[in-house]
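The primary structure of each chain is shown beneath.
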Amino acid sequence: MKRLWYGYVTAPLLGALWAVTVAVLVAVVMSFSTGDAFRPSASLALIWGAAAGYALLRWRAQPWVRAAGVALMTALVMLGIGPVLAGAEVSVVSRLLAGVALGLALIPPLRRIIGDLPQGDLDRHEFEHAVIRFLTGFGYVFFTAIVLIPFYVMVMTSLKSQQALLANPLDFSLDLSRGLDLFRSYIELFRDFNFGRYLLVSVFVSVMTVAITLLFSVPGAYAVARLRFKGRAMMSRSILLIYMVPMIVLALPIYIGFSMAGLRNSIWGILMIYPVTTVPVALYMLQGYFRGLPAEVEEAGLMDGLNRLQVIWKITLPLSLPALASVGLYVFMIAWNEFLLAFMLLDDPSKFTLTRGVAMLNSSEIPRQHLMAGAVIATVPIMVLFLGLERFMTRGLTAGSVKG
Amino acid sequence: MTSSIPPAGTGPLQAREARLAWGLLAPTLISVAIVIILPLIAIFWISFKPIGLADLRPPAPEAYERVRGDLDVAGAEATLEYRLKNSSREYPVTGVRLTDVLPDGLTITELDPRCALDGAALSCDLGDWEAGFSERMRMPVTASQSFVDSEAEVRDTAAVLTGRGNSVLFNGTFTLENFARVFSADEFFSVLWVTLFYTIVGTIGALVVGLMAALILDRDFKGQGIMRGLFLFPYVAPVIAVAFTWVTLFDPFSGSANALLLQMGAIDTPINFFGERPLALIMVTVFEIWRYFPLSFLFILARMQSIDTDMYEAAEMDGASPFQQFRALSLPQLLGILSVLFLLRFIWTFNKFDDIFLLTGGNAGTRTLTVNVYEQAFAISNIGAGAAVAVVIFACLLLFSVFFFRFISQEEGL
């Protein structure tokens, strides 16, 4: 290890590794956005990355070094000997684009990774800091890629036509000349597959679930958090236990019971089950929050002649609005994403929730882009809600802690 | 003189408070009892029952009525026929009664001895029917002019049959066959192995990846909030959407992943990621890691940001390098949350059903215990065996939670 602690060894090494990362990244991004044949070359990336690392260490003080580096990488890619190789039929514009992208992704970040690394002997700190800067950069690229690629594929596939998809599965570029026809899958889903209705059913079911859950769990949570009674400790433990019971174990008897009671294929049947599965989580989250509220305010209310229920309504609830928002959002997410019960209990296409509707699209007779369009329709509302209220959502997730 | 000892026992105020508490908890307790506890008891009951999907419909008497012969002129004679049948070939129905209303103008000339006629209302006591019972009950009828004119049919009013079917779900037959079947099947140990691999690798993987994600975001920079929101995407999106996206992405024929690997020269022939034996299990585990790393990431990040920075400054002064600081300071601080997360995620991954069901349907060596419940109950239509698997799952969970509560009572936080 110690042999690496030398500026002229560390910088080219990190440069080579960074170049491989960037080459793969650029090849994937270019392939996915233009459909052209780009591929990374590990050996060339290692060589040019090491050279770039050396050059940036040697001449980092020079103002021209970055521009020169980007220009050189672009030229190398154009000449076909860069870290990213283009197929013969790739147009000059695409090639130029790939070259510039590679240069910009390789040189300036590498300059930051190298930072003020000394050229000669390094101590442990300098070496590890450089490695950490590299790992951080790698982490950004890696995590952003693994999170975004599936969602990108989902959206773009839904906008393609079946033939285009089969002809080149890599080509996600949009044929803008198709105009409104781009959204054909969506139009067909809403027109022929009743997705407008499923959307409404899902909204109704999720909102009702949130309302019923809060109605049940607020008083319960207050009792567990504030009131003294025998069995209180046991109560807060059993709440945790209950939400470790797997849904599939419950789904089987519920299916049997509903079959015999004629409650299958009914939204009301679904609404009898969903809130109960979320009440324990909500109760657990809320009681934690209620415990954190100052008891003195409530005691003052009691002294002034309010009874307990009035205290809950007039003092505790207004104080815990942010917690209610978090819990509500979290419950909404669970209800919106719920699949198993909807799948088992609903067979009648006129009563589907959105997730059940999407499951219906998974058949060999229905084209893939319809399935992906359905997935987008199911994902967008929850994502919009999530991005708009991220603060509450994050807090809700951390408090709900464990539910999968 | 007043006593300085506080009153012992339960005072009226305390009793009132306790009553209020139970009152407030009542809706939760009742609903949980009905939707969670009752099904749990039911699943134990069913697991000892020889019951298939078809047995869910209790045996019922059925009748099909028709007129044999022509009734096109007044005074014509024909035969009214009821075809009677027990819908079940295995269980009897007892105390069967048939009631029907005859159309106007139709007269039965010779009543079946089991039947009685009151005006136009026909009622018959048909007694007990064996399993698979079937009979044709025939009665001669004559038509009057009004019947011919009205063009009424005997089937205009449906015959109503009542009887007590003895459903296998509620009778006294019990069997251990379900459990024998579950444990003796060759696949049981393969299912168990798949479950353990999926649970352990998935849990540890999600923790490690979450820890890495938290490490790179644990610094102040512009866009940290955006990155944090982004990292949560896989967890927030509906499982059905992301699972189908993965299936599309890794499709052996039209999947982009295969096309990409082919183009880059990494592989020569397309790989069937979700259809080959060891690979499918690895892929569903990777999916599990991908989908649940955000959760561990969020918790670990929250814990990291609450660690006192003074400690790191002191360590810096003493000459500890970044990796040494991580090993000697951060890791011990994170151990608590990591072990709690491990236990909870372990249980939840063990319980997971949707993900594998949507990705592979439990094929290609990815059948876990939970998927096996569905497979037994619905694919093989043997509800009893499915319930037996569910009981096995429940037993495992009880074991975990005993361990869990032993451990968690020593841990901070949850």
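This one's a predicted model, so the numbers in the text were calculated from it and none came from an experiment.

Participant: Can you tell me about the overall build of chain A, naming the residues and giving the values?
Facilitator: Counting its regular elements, chain A contains 18 helices and two strands. Here chain A has a C-alpha radius of gyration of 29 Å; the compact-globule value for 404 residues is 22 Å, and the former is much larger. Within chain A, the proportion of its 404 residues that are buried is 53%. For chain A, restricting intrachain contacts to residue pairs at least 6 apart in sequence, the fraction spanning at least 24 positions comes to 77%. Accessible surface for chain A amounts to roughly 17100 Å². Of this, 68% is attributable to carbon and sulfur atoms. Here chain A contributes 31 positive and 21 negative side-chain charges, whose respective centroids are spaced 6 Å apart.

Participant: Any chance you could break down the overall build of chain B for me, citing the residues and the numbers?
Facilitator: Helix and strand counts for chain B stand at 14 helices and eight strands. At 34 Å, chain B has a C-alpha radius of gyration far larger than the 22 Å of a compact globule built from 414 residues. Over its C-alpha atoms, taken along the principal directions, chain B stretches across nearly 115 × 100 × 45 Å. Taken across its 414 residues, chain B has 50% of its residues classed as buried. Each charge class in chain B was averaged separately, 27 positive and 41 negative side chains, and the resulting centres sit 4 Å apart.

Participant: So what's going on with the interface of chain A and chain B? Residues and values would help.
Facilitator: Taken residue by residue, the interface counts 105 residues in chain A and 103 residues in chain B. Summed over both partners, the interface of chain A with chain B buries about 9100 Å², with 79% contributed by carbon and sulfur atoms. At the surface where chain A touches chain B, the tally comes to two salt bridges. Here B:Asp251 ties to A:Arg368 by a salt bridge, and the two come within 3.7 Å at their closest N and O atoms.

Participant: So what's going on with the packing of helix α12 (residues 295-303) of chain A against helix α13 (residues 308-319) of chain A? Residues and values would help.
Facilitator: All names here are of chain A. Running from N to C, α12 and α13 cross one another at 130°; their axes reach a closest spacing of 10 Å. Taken as axis vectors, α12 and α13 run oblique relative to one another. Crossing hand, α12 versus α13: right-handed. Along the contact surface, α12 presents Val297, Glu298, Gly301 and Leu302, while α13 presents Arg308, Val311, Ile315 and Thr316. When the residues that make up the contact of α12 with α13 are grouped by side-chain class, the tally is four nonpolar, two polar and two charged.

Participant: An account of the nonpolar core is requested, with residue identities and associated values reported.
Facilitator: Counting 234 residues, the largest nonpolar core has A:Leu286, B:Phe231 and B:Phe297 as the members making the most contacts within it. No other element matches helix α9 (residues 277-305) of chain B, which puts 15 residues into this core.

Participant: Describe a negative patch on the surface, naming the residues involved and giving the relevant values.
Facilitator: Residues and elements named next belong to chain B. Together, Asp149, Glu151, Glu153 and Asp156 give the surface a local cluster of negative charge. As for its placement among the helices and strands, Asp156 is situated in the loop between α2 (145-150) and β8 (160-165). Asp156 sits in the exposed class, given a relative accessible area of 56%.

Participant: I'd like to hear about the pairing of strand β5 (residues 115-118) of chain B, residue by residue, with values.
Facilitator: Across four bridges, the pairing between β5(B) and strand β6 (residues 121-129) of chain B is antiparallel. Of the residues in β6(B), the one forming a bridge with B:Leu117 is B:Leu122.

Participant: Provide a residue-level description of the domain arrangement of chain B, including the pertinent values.
Facilitator: As assigned here, chain B comprises domain 1 (59-165) and domain 2 (177-408). For domain 1 of chain B and domain 2 of chain B, the distance between their C-alpha centres works out to 62 Å.

Participant: Pulling in residues and values, what's your account of helix α1 (residues 7-34) of chain A?
Facilitator: If you check α1(A), its first and last C-alpha atoms are 39 Å apart, about what 28 residues at 1.5 Å a residue would give, namely 40 Å. Positive phi shows up at A:Gly35, right after α1(A), with a value of about 80°.

Participant: Now, about the pattern of salt bridges: what can you tell me, with residues and values included?
Facilitator: On inspection of all chains with the given rule, the structure shows 20 salt bridges over all chains. Across the salt bridge formed by A:Glu298 and A:Arg226, the nearest N and O atoms sit 3.0 Å from each other. Within this pair, whereas A:Glu298 is found in helix α12, its partner A:Arg226 is found in helix α8 (residues 195-226), the two being separated by 72 residues in sequence. Exposure remark for A:Glu298: the relative accessible area of 4% places this residue in the buried category. It is possible to trace a salt-bridge network through shared partners that takes in B:Arg66, B:Arg68, B:Glu81, B:Arg136 and B:Arg138.

Definitions and limits used
Residues numbered from 1 in each chain as written. Chains lettered and ligands numbered in written order. Predicted model: local features only at pLDDT ≥ 70, side-chain atom pairs only at ≥ 80, totals over all residues. Heavy atoms only, no water. Helix = DSSP H or I, 4+ residues; strand = E, 2+ residues; numbered from the N terminus. Rg over C-alpha atoms; globule rule 2.2 N^0.38 Å. Buried < 20%, exposed > 50% of the residue type's maximum accessible area, 1.4 Å probe, protein only. Contact = heavy atoms within 4.5 Å. Areas by Shrake-Rupley, 256 points an atom, 1.4 Å probe, with all protein chains shown as cover. Lys, Arg positive; Asp, Glu negative; His and termini not counted. Charge placed at Lys NZ, Arg CZ, Asp CG, Glu CD. Buried area = accessible area lost by both parts, 1.4 Å probe. Salt bridge = Lys/Arg side-chain N within 4 Å of Asp/Glu carboxyl O. Axes fitted to C-alpha atoms, helices over the stretch in contact; angles between N-to-C directions. Parallel < 35°, antiparallel > 145°, perpendicular 65-115°, else oblique. Left-handed = near helix turned anticlockwise from the far one by under 90°. Nonpolar A, V, L, I, M, F, W, Y, C, P; charged D, E, K, R; others polar. Core = buried A, V, L, I, M, F, W, Y, C linked by side-chain atoms within 4.5 Å. Patch = residues over 30% accessible without salt bridge, like charges linked within 9 Å, V, L, I, M, F, W, Y side chains within 5 Å. Pairing = 2+ DSSP bridges. Domains from an automatic or database assignment. Expected span 1.5 Å × (residues − 1).

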